[in-house]
Structure formats: C-alpha cells, structure tokens
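Overview (structure and organization)
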Amino acid sequence: DHGRKLLEKKLGKPFFDSHYHSQRRMSRSDFEAGMRWMDQHFVLMRCEDEMLPNVDWVLDLGRAAVMRYGVRGLVIDPYNELDHQRAINVSETEYVSQMLTKLKRFAQHFGCHIWFVAHPHQLRNWDGKAPKLYDISGSAHFVNKADNGIVVHRDTSPE
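These lines cover the structure that appears in this document, whether it is placed above or below. (Residues numbered from 1 in each chain as written. Predicted model: local features only at pLDDT ≥ 70, side-chain atom pairs only at ≥ 80, totals over all residues. Heavy atoms only, no water.)

1. Notes on the nonpolar core
The biggest cluster of nonpolar side chains holds 23 residues, and the ones touching the most others in it are Leu-74, Met-99, Leu-103 and Phe-106. When residues no more than four places from it in sequence are discounted, the contact partners of Leu-103 are Val-55, Leu-59, Ile-76, Ile-114 and Phe-116. (Core = buried A, V, L, I, M, F, W, Y, C linked by side-chain atoms within 4.5 Å. Buried < 20%, exposed > 50% of the residue type's maximum accessible area, 1.4 Å probe, protein only. Contact = heavy atoms within 4.5 Å.)

2. With respect to helix 3 (residues 55–69)
End to end, helix 3 covers 20 Å across 15 residues, agreeing with the expected 21 Å (1.5 Å per residue, within 8%). Buried residues of helix 3: Val-55, Val-58, Leu-59, Gly-62, Ala-65 and Val-66, and no others. Angularly, the buried residues of helix 3 cover 120 degrees about the axis, an arc narrow enough to put them on a single face. Among the exposed residues of helix 3, those oriented more than 90 degrees off its buried face are Met-67 and Arg-68. One side-chain oxygen of the residue at the start of helix 3 lies 3.1 Å from the amide nitrogen of Asp-56, identifying that residue as Asn-54. Gly-70 lies just past helix 3 and shows a positive phi near 75 degrees. (Helix = DSSP H or I, 4+ residues; strand = E, 2+ residues; numbered from the N terminus. Expected span 1.5 Å × (residues − 1). Arc of directions from axis to C-beta. Polar contact = N/O pair within 3.5 Å; in protein donor to acceptor, adjacent residues only side chain to side chain.)

3. Brief notes about the packing of helix 1 (residues 2–11) against helix 2 (residues 28–41)
Contact geometry for helix 1 and helix 2: axes closest at 10 Å, N-to-C directions at 110 degrees. If you check the angle between helix 1 and helix 2, you find them roughly perpendicular. Across the interface between the two elements, Gly-3, Leu-6, Leu-7, Lys-10 and Leu-11 of helix 1 pack against Asp-30, Phe-31, Gly-34, Met-35, Trp-37 and Met-38 of helix 2. Residues of the contact of helix 1 with helix 2, tallied by class, amount to seven nonpolar, two polar and two charged. (Axes fitted to C-alpha atoms, helices over the stretch in contact; angles between N-to-C directions. Parallel < 35°, antiparallel > 145°, perpendicular 65-115°, else oblique. Nonpolar A, V, L, I, M, F, W, Y, C, P; charged D, E, K, R; others polar.)

4. Observations regarding the state of the cysteines
Counting across every chain of the model gives zero disulfides. This cysteine, Cys-112, is not joined by any disulfide, and Cys-47 carries the nearest cysteine sulfur, 20 Å off. (Disulfide = S-S within 2.5 Å.)

No statement about biological role is implied by the geometric values presented.
In structure tokens form, the structure reads like this:
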C-alpha cells in the first residue's frame with residue numbers, strides 16, 4: 001500500500017479508476033517508469049509472516065539496507081504496529097526511553113535519519129484542534145528525546 005501511494009504522489013495519477021478522481025488512472029508505462037523511480041529511491045521493508053516485528057527487527061533490516069543500498073533515511077510507520085513486549089519490571093516510559101535511545105544511536109552510527117510515526121492516544125473532550133506532541137500514546141519521551149517533532153493533522157471541520 002505504501003508503494004502504491006508513493007507512485008500516486010510521484011505521478012499525480014490514481015493507481016485505480018475511481019469515482020472520486022476526475023483523472024484517468026496511471027498507464028502501464030506510467031507504472032513502469034514509477035517503479036523504476038521507486039527502485040532508485042526507496043527500499044520497502046515489511047514483515048510478511050505471522051510474527052509482529054519489534055524495533056530490533058526493524059533496526060537489523062535497516063542496518064542491512066544502509067550497508068547494501070546506502071539508505072540514509074528510515075521511516076518506521078506506525079509505532080503501534082511494532083511488538084512492544086517488555087520485562088514485567090520495566091514501565092512503558094522506561095521501555096520507550098530505551099527504544100528511542102536505540103533509534104538515536106542507530107541514526108548517529110549509520111548517518112541515517114529516522115522518521116518515527118506515532119499516533120496520539122484517544123483524546124478526551126477533543127475539540128477538533130491539532131493534537132500536541134505530548135499527546136502521542138505511550139510516553140512524553142517521544143517529545144523529550146526527539147531531535148525534531150512534527151504534528152500532521154487533518155482538519156475535518158465543515159468549513
């Protein structure tokens with residue numbers, strides 16, 4: 001699905017015909033050119049078996065992608081689909097702190113930027129405004145340890 005969305009953004013055409021797009025879908029030659037572009041710029045890694053990947057699995061594949069393909073950016077999307085099993089005596093805050101430290105050390109060691117996509121927890125009495133970085137589910141360490149933080153919010157108000 002990520003690959004299809006990347007192609008649609010690059011080509012400015014939908015992958016499928018649909019009633020909500022006025023533009024015709026990408027042609028076979030568009031698709032093939034888009035795939036060549038994607039092969040030159042992206043390495044998509046996905047866990048296809050029944051196991052839930054954890055951050056160590058992601059970093060192992062990330063290390064191989066850096067060494068084999070010269071990858072300089074790693075997108076982990078989304079955080080909540082990783083396996084977060086932790087020892088019973090480790091709090092969620094401690095776990096998140098340790099995990100983010102691993103990610104930062106990986107980035108520094110391999111000269112690789114990491115974009116880490118994490119969603120907010122359920123907001124009580126939400127007024128429709130954009131959430132804050134402290135609203136990320138799991139820990140304030142997502143803010144405290146981040147070099148940069150960006151909130152992406154879709155305004156669904158009728159105006």
